[in-house]
Structures are given as C-alpha cells and as structure tokens.
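Per-entry structural report
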Amino acid sequence: DTSVTGVQTCALPILTDKEAALADYRALFELPAYAADARLSASELLLTMQRPEEAARTLDEFVNDPHTDLTLSEARRAALIYRKLNRTTSAQAVYEKGAAKAFRTYNREAALFHRDEADFFEATGLTDKALDAYRDGFVSAGLTLSRPTDNVNFTRLPPAVLWRSG
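Counting restarts for each chain, with residues numbered from 1 along the sequence as it is written. Local features are withheld for residues below a pLDDT of 70 in this predicted model, meaning they are given only at 70 or higher, and side-chain atom pairs are given and counted only at 80 or more; totals for whole chains, interfaces and linings count all residues. Excluded from the side-chain calculation are hydrogens and water; included are all heavy atoms of the structure.

Section: the nonpolar core
Which entries qualify depends on this criterion: Here, nonpolar core refers to any group of buried Ala, Val, Leu, Ile, Met, Phe, Trp, Tyr and Cys residues whose side-chain atoms link them within 4.5 Å. To sort residues, take the accessible area from a 1.4 Å probe on protein chains only and compare it with the maximum for the residue type: under 20% means buried, over 50% means exposed, and anything in between is partly exposed. Put simply, DSSP marks the helices as runs of H or I at least four residues long and the strands as runs of E at least two long, and each gets a number from the N terminus on. By definition, residues are in contact when any of their heavy atoms lie within 4.5 Å.
Residues Leu59, Val63, Tyr82, Leu85, Val94 and Phe113 are the most contacted members of the largest nonpolar core, which totals 33 residues. Listing elements by their share of this core, those giving two or more residues are helix H2 (32-48), helix H3 (52-63), helix H4 (72-84), helix H5 (88-102) and helix H6 (108-123). Element by element, the count of residues in this core is highest for H2, at seven residues. The residues touching Leu59, leaving out its near neighbours within four places in the chain, are Leu40, Ser43, Ala78, Ile81 and Tyr82.

So, the packing of aromatic side chains
Both the distance between ring centres and the angle between the ring planes are used here to describe each pair of aromatic rings. The criterion, for reference: Pairing of aromatic rings covers Phe, Tyr and Trp, the last through its six-membered ring, and needs centres within 6.5 Å; plane angles under 30 degrees mean stacked, over 60 mean edge-to-face, and all others mean tilted.
Inspection of every chain in the model, using the stated rule, returns three aromatic pairs. Seen in terms of ring centroids, Tyr95 and Phe120 are 5.2 Å apart; in terms of plane orientation they differ by 35 degrees. Their pairing is tilted. Here Phe120 lies in helix H6 and Tyr95 lies in helix H5, a separation of 25 residues in the sequence. Each member of the pair, Tyr95 as well as Phe120, is classed as buried. Here a set of aromatic residues connected by ring pairs shows up, and it is made of Tyr95, Phe113, Phe120 and Phe121.

Notes on the side chain of Asp136
Counting through the fold element by element, Asp136 comes out in helix H7 (residues 127-140). Dropping the residues within four chain positions of it, Asp136 is found in contact with Phe103, His114 and Arg147.

Describing the packing of H5 against H6
Which entries qualify depends on this criterion: The convention used is that axes are lines fitted to C-alpha atoms, helices contributing only their stretch in contact, and that angles between N-to-C directions extend from 0 to 180 degrees. Definitions for this section: a left-handed crossing has its near helix turned counterclockwise from the far helix by less than a right angle. A right-handed crossing has that turn clockwise. In this classification, the charged set is Asp, Glu, Lys and Arg, the nonpolar set is Ala, Val, Leu, Ile, Met, Phe, Trp, Tyr, Cys and Pro, and all remaining amino acids, among them Gly, are polar.
Between H5 and H6, the shortest axis-to-axis distance is 10 Å and the interhelical angle comes to 145 degrees. Crossing angle aside, the handedness with which H5 passes H6 is left-handed. Contacts from Thr88, Ala91, Gln92, Val94, Tyr95, Glu96, Gly98, Ala99 and Ala102 in H5 reach Ala110, Phe113, His114, Asp116, Glu117, Phe120 and Phe121 in H6. For the contact of H5 with H6, a count of residues per class yields nine nonpolar, four polar and three charged.

Side note on unusual backbone geometry
Despite not being glycine, Gln50 shows a phi value in the positive range, around 60 degrees. Counting through the fold element by element, Gln50 comes out in the loop between H2 and H3. Positive phi, normally seen in glycine, also occurs at Asn86, with a value near 60 degrees. Its place among the elements puts Asn86 in the loop between H4 and H5.

These values are about where atoms sit, not about what they do.
Put into structure tokens, the structure is as follows:
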C-alpha cells in the first residue's frame, strides 16, 4: 500500500529531528545554566520517543545528584515525568522534598506545586495528604493567611479576597 509507505517516509524526518534535539539537550548537560532544563527536557523527549528506561535513567541521574537543588517548577516537571513512568515512589519523594521548600512560600510557583502535589496524592489514594496539599496551596496563593482547619473555612473565600477579585 503506497499510502502506508508515504506515512512512514514522512515520519522519518520527525524521528531524526527528535534525535538531533536529544543530542542538543545532552550537549547542555554539563553547562550549569542550562543543565536542569536540558535534563528534564531530554527526559520528556525520551518519553515521547518510547524510551522509558533511558528517560528514567536521565531523570534519576539529575534528581539524585547531591548537587541538584530543584526549584519548585523543576520539581513539578520531575514528578510529572516520574508519574508518566509509573514511578510513584520517586514522584512522591520529589513532592515531599519540594513540599518542605514550598511550605510558607507565597507565590504562584508554590501554589502550582501544591496543586500538582495534591493531584498526585489524590490519584494515589492518599486523600488526607491531598487535602493538606490543597490547603497549603490556598496559603501559597494568598487566598488565606493560614492553613484552613475545617471544611467551612477551606471552601469559603474570605471577604477581602472576594473584594479584590470583583
């Protein structure tokens, strides 16, 4: 069938471009200013290339390096890759380490970290941890000054927040 051959021919340059991109990412691994993004991007790319073992190895080398101090954004990306690899223990370790850094941090990055952390804990059946992460996200997002302690305070925005958003 000539249509199948045409599709295979069209797919070949895309594969080559991914290999070239992977080589470019690897060239940046040793440059401190680019290493984190390059390793995370290479791991994500390897996943799309159906090479999960190599993606896991690349990510493990980066995350487990004693010199690596993940930002919250990098931790979110690393945990998501681990989730896609079905490595829940590794993802949980990244979330738990990042949670210590995100605690009492008031910005968008911390709020997004807590959102993703809560989603992970909910998906793995750890609903109490998920609820705590959502509550921490409320604090990080500036929706409340302290972690809500009950469901009424957790689901009701304070008047000052409502006034600012209206």
